[in-house]
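# Descriptive analysis of the structure
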Amino acid sequence: MRYVKELSNRNKIISEHTCEALYEQQNDAYTIKFVFNGAEDCEINKRRFCIYPDTFAVVNAGTNFCSKIDSINPVNTLAVSFGENFIKDFHHTFSSSNESLLDGKEVKEAPAFIESLYPFTGDMRFNVLHLKKQLDKGLKDEMLINEYMYHCLLNYYKIYDREVVQKLDRLSFIKTKTREEVLKRLTLAKEYICSNYDQNITLEDIAEQACLSVNHLLRTFKEAYETSPYQFLMQLRLNRAKGLLQTTSYSLNEIVGLVGFECPSSFIRLFKNTFNITPLKYRKSKLN
Amino acid sequence: MNQSAKLFYVQVKQLNDADAFYTNCLGMLTEKTMIADQEKGILVKADGETNIFLSERKHHNQTNKIVLNSDDCLEDYCRLRSRGVIFKKTPSYLSEGLSVEFSDPYGNNFIILEQRNYNED
C-alpha cells in the first residue's frame, strides 16, 4: 500500500506499507526517509547502507538514489520531501541573523547536507510518529502537515549540528578541509557498521570501507564519537536487540543471532552489564 | 467530575463572553454552576485532567497561569490557531517536552505542554 500526498507548496509525503519494493530515481527534492519496522536497503551515489527504525537517512536534491525492500513481514516507511522554496526559506531563516533577516535579502542559497544515516531519537522521533499517526487517520489539513514538516526540519538541523558540526569541532586537525574529509570517511565507517552490524565484521573491513588505515580510523573515530568502533558496534547490537525484544516474539537465541552475537551467554552478560537488567526481564517489563 | 483532576480558579471579566471564548475558540466543554451561594460561575473541562472554575469576582485562590496537558502539541497549536486563538510564540522545546503559550482575552496565560520522556527505549 502506497500513499502519496503532495501539498500546494510542493512539500510531499510518501507513506508505504510493503513487503517488496524497488525504486531507482534521481531524487528531485530534499528528502528524509524513515523506517518504522524492518529495514530498507538504499544506495546513494554507489554507497550502500540500510535504514533501520533507529536511524533515518537524508538525501539531497539531485542525488541518484536507489532503494529496495525485500522482507517476509511488511515494512512501514515514510519519506518526507521538502519543496525548494520551503527548504531555502527555512535554511535562510535558520542560518541568518535577525539583522540580515530584517534587511530582507533575497534567498539564494540551498543547503547541502551530508547524506547519511542519523539517529532517529528525541523530538524528531516524537514529531514524526505524530505525523505518521495523523496520516494513518487520514489527515488532510495542509497547515498541520506543514507544521509537522517544519518541525521535522527544525529537529533535523539540531541533529545535524550535534552529529556533524560538533563532531567536526572535536577533530584535532588544523585545516577545516581535512576535518571535513576525515568526518566524511568516519561517516562511511559508521554507516558500514550500522548496516552490517549483524555480520562478523572486522576493524580492517571498516577501515577499508572508510578509506582510512586501521590506526587512523581508531584514533579519529574515538576523537569524534568518544567511543571506539568496537564499542560503537557492541552498543548498536545491544540497542537493536532491545528493539527486537520489545517488538517481536523471537526467542532469545534467535535475537542473539539476528544482532550478530555468536554466544548467548556473552550477550546476556553484556546486556545485563549495560542496562542493569537481563534480556528476558527487560522483555517482561515491556510486556507489562 | 474526575476526582484526580487538577482544579484552577480563574477570574474573567464577563462570564458570557468567557463562555463563548472557552467553548467556541478553545473547544472546551463548559457548564454553568454556582461557586458560592450567590455567585455564578462556569466550570470548564479543559483536557480531561484539568478543570477550570471561571468567576467574575476576585478570590484569593485564583491563578492566571494554567498548564494544559496535550498528547500532540502541534496538533492543538494548529487547531486552536485556526479557531482564532493568538499564540505568544511558536511552539518551543523544553527539557520536559514541547510547549506553546497563549492568553485568553482576560490576560490569563495558558501553557499547552506535551510531556515527552526522552529516556524511554
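Placed above this text is the structure.
Here is a short report on the structure shown in this document. (Residues numbered from 1 in each chain as written. Chains lettered and ligands numbered in written order. Predicted model: local features only at pLDDT ≥ 70, side-chain atom pairs only at ≥ 80, totals over all residues.)

Looking now at the overall build of chain A. The helix and strand tally for chain A stands at 11 helices and eight strands. At 20 Å, chain A has a C-alpha radius of gyration in line with the 19 Å of a compact globule built from 288 residues. Each principal axis of the C-alpha atoms in chain A carries an extent, and together these give about 65 × 50 × 35 Å. Taken over 288 residues, chain A has a buried fraction of 31%. (Helix = DSSP H or I, 4+ residues; strand = E, 2+ residues; numbered from the N terminus. Rg over C-alpha atoms; globule rule 2.2 N^0.38 Å. Buried ≥ 20, exposed ≤ 12 C-beta atoms within 10 Å, placed from the backbone.)

The next subject is the sheet that holds strand E5 (residues 65-69) of chain B. All names here are of chain B. If you trace the four strands from one edge of the open sheet to the other, you get E5-E8-E7-E6, paired in mixed fashion. Across the chains shown, the open sheet's two edge strands, defined by having one partner strand only, are E5 and strand E6 (92-93). Most of the contacts of helix H2 (residues 73-82) go to strand E7 (residues 97-103), to which it runs at about 20 degrees, and overall it touches E7 and strand E8 (109-115). (Pairing = 2+ DSSP bridges. Contact = placed C-beta atoms within 7 Å. Axes fitted to C-alpha atoms, helices over the stretch in contact; angles between N-to-C directions.)

Regular strands place side chains that alternate from one sheet face to the opposite one. Residue and element names in this part refer to chain A. With six of its six residues buried, strand E3 (residues 30-35) lies for the most part within the structure. Covered by surrounding structure in E3 are Tyr 30, Ile 32 and Phe 34 together with Thr 31, Lys 33 and Val 35, the residues of both alternating faces. Bridge count for E3 against strand E7 (residues 64-82) is six bridges, and the pairing is antiparallel. Paired with Lys 33 across the bridge in E7 is Ala 79.

This part covers the sheet that holds strand E2 (residues 29-34) of chain B. All names here are of chain B. Across the sheet, which stays open at both edges, the four strands sit in the order E1-E4-E3-E2 with mixed pairing between neighbours. The two strands at the open ends of the sheet, each matched to only one other strand, are strand E1 (6-11) and E2. Put simply, the sheet's adjacent strands are angled 25 degrees from each other on average, direction ignored. In the sheet, strand E3 (residues 40-45) pairs with strand E4 (residues 50-55) via four bridges, with the strands oriented antiparallel. The partner of Lys 45 across the bridge, within E4, is Asn 51. Those strands touched by helix H1 (residues 15-25) are E2, E3 and E4, and its axis lies near 5 degrees from that of E3.

Residue and element names in this part refer to chain A. At their nearest, the axes of helix H5 (residues 176-195) and helix H7 (residues 214-225) sit 10 Å apart, and the two run at 95 degrees to each other. The angle between the axes of H5 and H7 places the two elements in the roughly perpendicular class. Two secondary-structure elements touch here, H5 through Val 182, Leu 183, Leu 186 and Ala 189 and H7 through Leu 217, Thr 220, Phe 221 and Ala 224. In terms of residue class, the contact of H5 with H7 is made up of seven nonpolar, one polar and no charged. (Parallel < 35°, antiparallel > 145°, perpendicular 65-115°, else oblique. Nonpolar A, V, L, I, M, F, W, Y, C, P; charged D, E, K, R; others polar.)

Moving on: the packing of H5(A) against helix H8 (residues 229-247) of chain A. All names here are of chain A. Axis separation between H5 and H8 bottoms out at 10 Å; the angle between their running directions is 35 degrees. Crossing geometry of H5 relative to H8 is assigned as right-handed. In contact with Ala 189, Ile 193 and Cys 194 of H5, H8 contributes Pro 229, Phe 232, Leu 233 and Leu 236. Considered class by class, the residues forming the contact of H5 with H8 number seven nonpolar, no polar and no charged. (Left-handed = near helix turned anticlockwise from the far one by under 90°.)

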